Amino acid sequence: MMPFYLLAAATNTAVLNINTSIWKPNLLALAQAAGWGPGMLLNVNVAAGVNVCNLVITGFPHDSVTLTTRGVIGGEAGGGVGLKTDARCRVDNLGGRIFGGGGNGGDGGGSSCFYNSTYLSGWGGAGGGGAGFIGSGNSVVMIAASAGSPGTYQIYTGALLGGHSAPWVQGGQGGDGGATGFSGGDGDVGKYGGTASGAFNEVGYRGGRAGNAVEGNSLITWIAEGTIVGPRV
């Protein structure tokens, strides 16, 4: 059985049922291939248990599309958009879920210093990945946010001058990735200690912004909002 099919509900109305998970579908192409054309209305139904990454309603006339979802419409991991429309439409999300992809964590800041003609450096840790969908085609998998990595550590092991303590540097911890609908955490600043000269600590990088759960919200008439996680713009 084809996962997408069109049923004639009335002379001027087509029904597109999405019964299989899909990665970034071309909704207009699916509708046209199944017989939808100008002057017709389109009802799009996302079944329960179905994951759709980045559903975009574009190329349709205003007030022609009604989306009913009982599944999950979400953004790509790392800040992707869940649902986007550039046309006035109606959305029924009762029992469904729409989310923006979580932002990636920011990298940690580095640290460096000099001592007795020796250069020490600590690299900042990588930021963690944000939560959201990954996949391609009909493979759409939800992944959780991941933690940031620790920065590298280096300590001076040579001879010390009298009364001095061994200098050390530590790169900042990378920020954790954000859950769906949330931005990633900022990376930590680098650190140093001991007796050192020319020491420098770099500030950690900002975490990535969460993806929008909905773009074109002002164009949507919400029949039922259901669960929406993340910004709506």
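Reading guide: rules and limits
Throughout this document, residue positions are counted from 1 along each chain, in the order its sequence is written. Local features in this predicted model are restricted to residues whose pLDDT is 70 or higher, and side-chain atom pairs enter the listing and the counts only when it is 80 or higher, whereas totals over whole chains, interfaces and linings include all residues. For the side-chain quantities, the full set of heavy atoms in the structure was used; hydrogens and water were omitted. Relative accessibility under 20% of the residue-type maximum defines a buried residue, over 50% an exposed one, and the middle range a partly exposed one, all with a 1.4 Å probe and only protein chains included. The helix count covers DSSP runs of H or I at least four residues long, the strand count covers runs of E at least two residues long, and both are numbered beginning at the N terminus. Following DSSP output, two strands are said to pair if at least two bridges run between them. Interaxial angles span 0 to 180 degrees and are taken between N-to-C directions of axes, which are lines fitted to C-alpha atoms, for helices over the stretch in contact. Any pair of Phe, Tyr and Trp rings, taking the six-membered ring for Trp, is counted once the centres come within 6.5 Å. Such a pair is stacked with planes under 30 degrees apart, edge-to-face with planes over 60 apart, and tilted for the rest. Whether a charge lies above a ring is judged from NZ of Lys or CZ of Arg, which has to be within 6 Å of the ring centre and within 35 degrees of the ring normal. What makes a nonpolar core is a set of buried Ala, Val, Leu, Ile, Met, Phe, Trp, Tyr and Cys residues whose side-chain atoms join them at distances within 4.5 Å. Only heavy atoms matter for contacts: two residues are in contact if any of them lie within 4.5 Å across the pair. Just to be clear on terms, a salt bridge is a Lys or Arg side-chain nitrogen sitting within 4 Å of an Asp or Glu carboxyl oxygen.

## Observations concerning unusual backbone geometry
Excluding glycine, residues mostly have negative phi values, and the peptide bonds linking residues are mostly trans. Even without glycine at this site, lysine 24 takes up a positive phi of about 45°. What makes lysine 24 partly exposed here is its relative accessible area of 39%. Residues other than glycine seldom take positive phi values, yet aspartate 63 does so here, at roughly 65°. One can find aspartate 63 in the loop between strand E6 (55-57) and strand E7 (65-69).

## Some words on the sheet that holds strand E19 (residues 197-201)
On the basis of which strands lie adjacent, the open sheet formed by three strands has the order E13-E12-E19 and antiparallel pairing. Both edges of this open sheet fall to strand E13 (118-122) and E19, since each of them pairs with a single strand only. Strand after strand, the sheet turns through a mean of 10° between neighbouring axes, direction not considered. With five bridges connecting them, strand E12 (residues 111-115) and E13 associate as antiparallel partners. Looking at the pairing, serine 111 lines up with glycine 122 of E13.

## Examining the packing of aromatic side chains
All chains considered together, the criterion is met by five aromatic pairs. Relative to phenylalanine 133, the ring of phenylalanine 99 lies with its centre 5.2 Å away and its plane at 55°, an arrangement referred to as tilted. Highlighted residues: phenylalanine 99 in strand E11 (residues 97-99) and phenylalanine 133 in strand E14 (residues 132-136), separated in sequence by 34 residues. Of the two residues examined, phenylalanine 99 and phenylalanine 133, each falls in the buried class. For the ring pair tyrosine 115 and tyrosine 156, a centre distance of 5.0 Å and an interplane angle of 70° mean the geometry is edge-to-face. Of this pair, tyrosine 115 sits in strand E12 while tyrosine 156 sits in the loop between strand E16 (153-155) and strand E17 (168-170); the two residues are 41 residues apart in sequence, bridging distant segments of the chain. Relative accessible area serves as the criterion here: at 5%, tyrosine 115 is assigned to the buried category. Accessibility expressed as a relative area gives 9% for tyrosine 156, which makes it buried. A cation sits over an aromatic face here: arginine 232 above tryptophan 222, 5.6 Å from the ring centre.

## What about the nonpolar core?
Residues Ile18, Leu27, Leu42, Val52, Phe60, Leu67 and Leu83 are the most contacted members of the largest nonpolar core, which totals 27 residues. Mapped onto this core, the elements with two or more residues apiece are strand E2 (13-18), helix H1 (27-33), strand E4 (41-46), E6, E7, strand E10 (89-92) and strand E21 (220-224). What valine 52 contacts, discounting residues up to four positions off in sequence, is Ile18, Ile22, Pro25, Val46, Val72, Ile73, Gly74 and Phe133. Formed by six residues, the second largest nonpolar core is a distinct cluster that contains Trp23, Phe133, Val140 and Val229.

## Some points on the pattern of salt bridges
Going through the model one piece at a time under the given rule, you end up with six salt bridges. With its nearest N and O atoms 2.8 Å apart, the salt bridge here joins lysine 24 to glutamate 76. A residue pair is termed long-range when its members are at least 10 positions apart, and lysine 24 in the loop between strand E3 (22-23) and H1 and glutamate 76 in the loop between strand E8 (72-74) and strand E9 (83-85) qualify at 52 residues. Judged by its relative accessible area of 30%, glutamate 76 falls in the partly exposed class. Measuring nitrogen to oxygen at the nearest pair gives 3.1 Å for the salt bridge that ties arginine 70 to aspartate 92. One end of the pair, arginine 70, is in the loop between E7 and E8; the other, aspartate 92, is in strand E10, and 22 residues separate them in sequence. Taking the relative accessible area as the measure of exposure, aspartate 92 reaches 12% and is therefore buried.

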